[in-house]
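Listed below, chain by chain, are the residues.
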Amino acid sequence: MKIDGQCHCGFIRYEAEINPQDVEVCHCKDCQVLSGSAFRVVVPAPAETFKLLGGQPKTYMKTAANGTPRNQAFCPECGTPIYGSAANAVVKVYGIRAGTIRQRDQLVPQHQYWMVSALPWIDSLPNIPKTDGN
C-alpha cells in the first residue's frame, strides 16, 4: 500500500510503501515517553520505499530496552515524531509513526508488543464514555 504523510507543521513530508498487515502497537516505556501517550502505533517501511519529499528530520539516538541503538527522527520545526530505525541494521527499515500517515484511518493494528509495560487501564478504553468533540 502506498502511503504519504507529514509532520504537524508540514515541514517534513514523505511517501512510502507499506504492508497494512504489519501495523503494530508498541507499549514499551520508550514509546510511551517519546510519543507523549500510552502507546505508539507504528508501521514498518523498507528503506528503499521511503522517500522524503520535503524537509530533513532531526535525529536523536536512543538505546532501546532490548539494547538496540535506535535513531528517533522528528521534525526540527514542530517536534512531531516521524520514524524510528535501528542504527546498525543490516536491512534498513523505517518504523513510521502512524499518526503522521494521511491514510492512518485504513491502518488497523495487527499486533501489540511490550505488553509488560502496557498501562493497566489500556483494556478499559472501550468502556470509557466517548464524545465526538470537545
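*Asks:* Any chance you could explain the sheet that holds strand β2 (residues 13-17) here in plain terms?
*Replies:* Sheet strands associate in pairs through backbone hydrogen bonding, adopting either a parallel or an antiparallel arrangement. Strand order in the open sheet formed by three strands is β1-β2-β5, with antiparallel pairing between adjacent strands. The sheet terminates laterally at β1 (2-6) and β5 (51-54), the two strands that pair on one side only. Each strand of the sheet is rotated relative to its neighbour by a mean of 25°, with strand direction disregarded. In this sheet, β2 lies alongside β1 in antiparallel orientation, the contact comprising five bridges. Of the residues in β2, the one forming a bridge with Asp4 is Glu15.

*Asks:* It is not clear to me how the pattern of salt bridges should be interpreted in this structure. Could you clarify?
*Replies:* Tallied over the full model, the rule gives three salt bridges. A salt bridge links Lys2 to Glu15; its shortest N-O distance comes to 3.6 Å. Here Glu15 lies in strand β2 and Lys2 lies in strand β1, a separation of 13 residues in the sequence. In this structure Glu15 comes out as buried when scored by relative accessible area, which is 19%. For Asp30, the salt bridge is made with Lys62, and the minimal N-O distance between the two is 3.6 Å. In this pair, Asp30 sits in helix α1 (residues 29-35) while Lys62 sits in strand β6 (residues 58-63), placing the two residues 32 residues apart along the sequence.

*Asks:* Would you take a moment to explain the sheet that holds β6 for this structure?
*Replies:* With mixed pairing, the seven strands of this open sheet are ordered in space as β6-β7-β8-β9-β4-β3-β10. Among the strands making up the open sheet, the edge pair consists of β6 and β10 (111-113). Direction aside, neighbouring strands of the sheet carry axes that sit 30° apart on average. Pairing between strand β3 (residues 24-26) and strand β4 (residues 40-46): three bridges, direction antiparallel. Pairing of Glu24 across the sheet is with Val42, part of β4.

Parameters at a glance
- Counting of residues starts from 1 at the beginning of each chain's written sequence and follows it residue by residue.
- At least 70 in pLDDT is required for a residue's local features to be given in this predicted model, at least 80 for side-chain atom pairs to be given and counted, and no such filter applies to totals for whole chains, interfaces and linings, which use all residues.
- As a convention, hydrogens and water are excluded, and side-chain values are obtained from all of the structure's heavy atoms.
- Any two strands with at least two DSSP-identified bridges between them are counted as paired.
- Counting from the N terminus, the helices are DSSP H or I runs at least four residues long and the strands are E runs at least two residues long.
- To get an axis, a line is fitted to the C-alpha atoms, and for a helix only the part in contact is used. The angle between two axes follows their N-to-C directions and goes from 0 to 180 degrees.
- Salt bridges are defined as contacts in which a side-chain nitrogen from Lys or Arg sits within 4 Å of a carboxyl oxygen from Asp or Glu.
- Only protein chains enter the accessibility calculation, which uses a 1.4 Å probe; a residue is then buried when its area is under 20% of its type maximum, exposed when over 50%, and partly exposed in between.

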